[in-house]
Amino acid sequence: MQMMIFGAGYSGKAIGAEFAAQGFTVGGTTRSHDKAPALAEIGLTPFVFDGVTLSPELRTSLREVTHLVQSIAPGKEGDPLVHLAGGDIRALMPRLQWICYLSTVGVYGDHSGAWVDEDTPCRPVSVRSVERVEAEQAWQGLSQAAGLPLSILRLSGIYGPGRNAFVNLSNGTARRLIKKDQVFNRIRVEDIGAAALFLGTRLADGIYNVTDNEPCPPQDVVTEAARLMGMAPPPEQAFETAELSPMARSFYGENKRVANDRLRAMGFAFRYPDYRVSLAQLWSEKVWNK
């Protein structure tokens, strides 16, 4: 069995590692030749993809691919791989059995802190989330035309080794921004990989929220990380007066609690079901800065 991950970044590498451990041959794309050795180091065959043109080597490899993961964010022109498929994904990948598209819980938009699930209508607020909805729909059309199962993974805030509150506290960038009643979901990167493997080995079709069990105020995560480090947390700051980039501020314009019941009902067990369990493991096993 052979997998190709378009956009083998933080999440893509975690997915690749899970499938490689199960005997899959895994390839991954990167935009830069400089990043290719990092993929090879973890057992992925690297391919350079500029988002526009498929190299002869990549085209040849795609003919053997059985499992596809698309992790590249869409842009104003839509999803780059959808464009390259030209309406027929099997023309590129004749042996394809399953497609996985990595999306975001941002597609739900703002629900004033209420719970949402996969049946909640999408009301995207930001331009990037509107583009994600359009990409989801494009992949649904492409997979249906090919008669292939498609798993859409709607991911919440991603963190894990090397990308977490401990890192932010250690380099002085952690902040405790206070906005009344604001909550976020999050997900450990290893659980993204495990969920993709769980769905991919079942050739699952459908939309799945890949998120932890406990949406909470973001400042609570920073406070818990500081406690584990034995240091004082940074002072609280009012969100309304804090200096933030437009993108950072836009995240706070959406407030919702995202449910993961569909995935758990299928029998999937999260390794890191809440931020306390996850932070404790990162700290105790000394992998937070890996």
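Residues numbered from 1 in each chain as written. Predicted model: local features only at pLDDT ≥ 70, side-chain atom pairs only at ≥ 80, totals over all residues. Heavy atoms only, no water.

Novice: Go over the sheet that holds strand β3 (residues 45–48) with me, naming the residues and quoting the values.
Specialist: Taken in spatial order, the 7 strands of this open sheet run β3-β2-β1-β4-β5-β7-β11, and their pairing is parallel. The open sheet is flanked by β3 and β11 (206–210), the only strands paired with a single partner. In this sheet, adjacent strand axes meet at a mean angle of 20° when their direction is disregarded. Sheet topology note: the strand β1 (residues 2–6)/strand β4 (residues 67–70) ladder contains 4 bridges and is parallel. Along β4, the bridge assignment pairs M4 with L68. The strands touched by helix α6 (residues 127–146) within the sheet are β4, β5 (98–104), β7 (150–155) and β11, with β5 carrying the most contacts at an inclination of about 170°. (Pairing = 2+ DSSP bridges. Helix = DSSP H or I, 4+ residues; strand = E, 2+ residues; numbered from the N terminus. Axes fitted to C-alpha atoms, helices over the stretch in contact; angles between N-to-C directions. Contact = heavy atoms within 4.5 Å.)

Novice: An account of the side chain of E136 is needed here, citing residue identities and associated values.
Specialist: Mapped onto the fold, E136 is located in helix α6. Using a relative accessible area of 3% as the deciding quantity, one classes E136 as buried. In terms of polar contacts, E136 uses its side chain to reach the side chain of R154, at 2.7 Å. If sequence neighbours within four positions are ignored, E136 has contacts with Y101, S103, V107, I152 and R154. (Buried < 20%, exposed > 50% of the residue type's maximum accessible area, 1.4 Å probe, protein only. Polar contact = N/O pair within 3.5 Å; in protein donor to acceptor, adjacent residues only side chain to side chain.)

Novice: Would you mind going over the packing of aromatic side chains in detail, with residue names and values included?
Specialist: Throughout the structure, instances matching the rule amount to 11 aromatic pairs. Ring centres of F19 and F24 lie 5.0 Å apart, and the angle between their planes is 90°; this geometry places the pair in the edge-to-face category. With a relative accessible area of 0%, F19 lands in the buried category. Measuring from ring centre to ring centre gives 5.4 Å for F198 and F268, while their planes differ by 65°; the resulting arrangement is edge-to-face. Of this pair, F198 sits in helix α8 (residues 189–200) while F268 sits in the loop between α11 (261–265) and α12 (275–284), and the two are 70 residues apart along the sequence. With a relative accessible area of 7%, F268 lands in the buried category. Each member of the aromatic cluster is reached from another via a ring pair, and the members are F19, F24 and W98. Above the plane of the ring of F251 lies R128, whose end atom (NZ or CZ) is 4.5 Å from the centre. Stacked on the ring of F198, the Lys or Arg R202 has its end atom at 3.6 Å from the ring centre. (Phe/Tyr/Trp six-rings, centres within 6.5 Å; stacked < 30°, edge-to-face > 60°. Lys NZ or Arg CZ within 6 Å of the ring centre and 35° of its normal.)

Novice: Before we move on, can you summarise the nonpolar core with the specific residues and values?
Specialist: Counting residues in hydrophobic clusters, the biggest one holds 29 residues, and the most contacted among them are M3, I15, F19 and L263. Every element with two or more residues in this core is listed here: β1, α1 (10–21), β5, β7, α8 and β11. Discounting chain neighbours no more than four positions away, the residues touching I15 are M3, I5, V69, L102, I192, G193 and A196. (Core = buried A, V, L, I, M, F, W, Y, C linked by side-chain atoms within 4.5 Å.)

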